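# Structure assessment
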Amino acid sequence: MNVLDDLEYRGLVKDVSDKDHLRKLLETPQTIYVGFDPSASSLHLGNFLMISLLMRLQKAGHRVIVLVGGATGMIGDPSGKSSERNLLDKETLNANIESIRSQLSHFIDLSDPKKGILVNNYDWLSKINLIDFLRDYGKHFSINYLLAKDIIASRLESGISFTEFSYNILQAIDFLHLYETEDCHIQMGGSDQWGNLTSGLELIRKVKGSDAEVEVMTAPLITRSDGTKFGKSESGALFLDPILTSPYKLYQFLINTGDDEAINYLKVFTFLTKEEIEAIEKEHLAHLGERIGQKALAKEVTTIIHGKEKTDEAIKMSEVLFSGDIKSLSEEELVEVFSDYIVDVDHEMILEDLLLTVGAASSKREAREFCANSSISVNGEKETDSKKVITKNDALFHKFTLLKRGKKNYYLVKHDY
């Protein structure tokens, strides 16, 4: 099967310069490149779509080029922005590049140059002087052509500097350079990069001739249920760096996706076959309340990104919320699971006062009623005595007391005394 068929099944194909020709090219081994922006120290789940695309292409026998934009990252892509990007200093940018290089090599096989390589466009763009840039490249792009690009047109009202205006040409130079030096005939990217990708086609065909066999393809941007994309600048971004987004947090996000999203994400982010996904979908739809699709998604994606051991830990931590077996957690896991519910207290309290302090009850009378009705548990054990003194000595790890009201309301008390 042509890899393009699999990409279409997974919903990973949006815009293609010439689909029939691209399909023909992909019938034989090709060199294909995707660029990544080093404006942050870590890639995120949105980037993982393109990473997984490269992994699929590599598994299908194609050679992939991972480009990190050391030069273009110093300029800033105007797409999807309403104002100029704050320019990074070279030291920060280089640190980001090294961090991203390490992440990418975790997913892409770069051990054999015949299978894949990683390049930095600073290595060639930094060698072009201003006169050569204008004479050799700028002359091939009319102002009208550039103004018609959505990525530029969308910024005309709010304003765009010449710096970001030039980004489109710089990325086109990347494609030409890789075409000449690495025999690269295909570029892929997110749908917001369509204008940049087609400029690369334009430049190659003007410099090398209109019969140059080059094509470009974009994949749709994957969004959350509220329509926002998985961007590194978006609130609550899901980074691939486990320090910035823990395996547990990633697992929790995925297992809490909607029913339709879960099946869509299984196609986009995992390497399960069509038959496996359809079997999961059938079972999922037959038992919607059991979240079969979400569990498969969370397990598969977390394993791909963080490995089986970390995924097993995330599953155990997640199941604690349902089993109540909190004493099986380490101190680090306890804090991770209940990090959103931590309340500091600086002295001993009786239970009814503590319930009032953490917000588990609105009055002492209500706190007493909760206890009398067996609605309160302390460190996993039901507690009906509202006058019981909750002390640091009885705390988990001599530091934390976990209160639970009902089935889903948790409060992690941290004893700071």
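Cut-off values and rules
- Residues numbered from 1 in each chain as written.
- Predicted model: local features only at pLDDT ≥ 70, side-chain atom pairs only at ≥ 80, totals over all residues.
- Heavy atoms only, no water.
- Helix = DSSP H or I, 4+ residues; strand = E, 2+ residues; numbered from the N terminus.
- Buried < 20%, exposed > 50% of the residue type's maximum accessible area, 1.4 Å probe, protein only.
- Contact = heavy atoms within 4.5 Å.
- Core = buried A, V, L, I, M, F, W, Y, C linked by side-chain atoms within 4.5 Å.
- Axes fitted to C-alpha atoms, helices over the stretch in contact; angles between N-to-C directions.
- Parallel < 35°, antiparallel > 145°, perpendicular 65-115°, else oblique.
- Left-handed = near helix turned anticlockwise from the far one by under 90°.
- Phe/Tyr/Trp six-rings, centres within 6.5 Å; stacked < 30°, edge-to-face > 60°.
- 1 Å grid on protein atoms, 1.4 Å probe; cavity = no way out; pocket = protein on both sides within 12 Å on 5 of 7 lines; lining within 4 Å.
- Points joined across faces, edges and corners; volume = space filled by probe spheres on them.
- Pairing = 2+ DSSP bridges.

Attention now goes to the overall build of the protein chain. What the protein chain contains, in helices and strands, is 19 helices and twelve strands. Each of the three principal axes of the protein chain carries a C-alpha extent, and together these read 85 × 45 × 40 Å. Here the protein chain holds 417 residues, and 49% of them are scored as buried. Once local pairs closer than 6 in sequence are excluded, the contacts in the protein chain between residues at least 24 apart make up 72%.

Moving on, we get to the nonpolar core. Nonpolar side chains tend to gather and get buried jointly when the protein is soluble and globular. The biggest cluster of nonpolar side chains holds 58 residues, and the ones touching the most others in it are Phe36, Leu45, Ile51, Leu104, Met188, Met217 and Phe269. Among the elements that take part in this core, helix H3 (residues 45–59) stands out by supplying nine residues, more than any other.

Let us now look at the environment of Thr302. Checked against the element boundaries, Thr302 lands in helix H15 (residues 292–306). The exposure class assigned to Thr302 is buried, which follows from its relative accessible area of 0%. Sequence separation between Thr302 and Glu182 is 120 residues, and the spatial gap between their C-alpha atoms is 33 Å. With near-sequence residues (within four places) excluded, Thr302 lies in contact with Pro247, Leu250, Tyr251, Leu254, Gly307 and Thr311.

Looking now at the packing of helix H12 (residues 247–255) against H15. It is at 8 Å that the axes of H12 and H15 come closest, and there the two elements cross at 150 degrees. The angle between H12 and H15 falls in the class roughly antiparallel. Two packed elements cross with a definite hand, and for H12 against H15 that hand is right-handed. Facing H12, whose interface residues are Pro247, Leu250, Tyr251, Leu254 and Ile255, H15 presents Gln294, Lys295, Leu297, Ala298, Lys299, Val301, Thr302, Ile305 and His306.

Right, let's get into the packing of aromatic side chains. Two descriptors summarise a pair of aromatic rings, namely the distance from one centre to the other and the angle between the planes of the rings. Considering all chains together, one arrives at eight aromatic pairs under this definition. Aromatic pair Phe48 and Phe107: ring centres 5.4 Å apart, planes at 65 degrees, arrangement edge-to-face. In this pair, Phe48 is assigned in helix H3 and Phe107 in helix H4 (residues 90–107), connecting sequence segments 59 residues apart. For the residue pair Phe48 and Phe107, the accessibility class agrees, reading buried in each case.

To continue, consider the layout of surface pockets. Here the second largest pocket is characterised by a volume of approximately 730 Å³. Residue lining of the second largest pocket: 24 residues in total, with Gln252, Asn256, Ser318, Leu321 and Phe322 positioned closest to the centre. Elements that contribute at least two residues to the lining of the second largest pocket include exactly H12 and helix H16 (308–323). At six residues, H16 tops the list of elements feeding residues into the lining of the second largest pocket.

Positive phi, close to 55 degrees, is recorded for Asn379, a residue that is not glycine. Within the secondary structure, Asn379 sits in the loop between strand S8 (376–378) and strand S9 (381–382).

The next subject is the sheet that holds strand S1 (residues 31–36). Taking strand neighbours across the sheet as the criterion, the five strands line up as S3-S2-S1-S4-S5 in an open arrangement whose pairing is parallel. The outermost strands of the open sheet, each flanked by one partner alone, are strand S3 (116–120) and strand S5 (215–219). Strand-to-strand, the axes of this sheet are offset by a mean angle of 25 degrees, without reference to chain direction. Note that S1 and strand S2 (residues 63–68) share six bridges and pair parallel. Opposite Phe36, over in S2, you have Val68 as the bridge partner. Contacting S1, S2 and S3, H4 crosses the sheet at an angle of about 160 degrees to S2.

Here we come to the sheet that holds S8. With respect to topology, five strands assemble into an open sheet ordered S6-S12-S11-S8-S9, the strand pairing being mixed. Only two strands of the sheet have a single neighbouring strand rather than two, namely strand S6 (342–345) and S9. Pairing between S8 and strand S11 (residues 400–405): three bridges, direction antiparallel. Directly across from Val378, in S11, lies its bridge partner Leu403.

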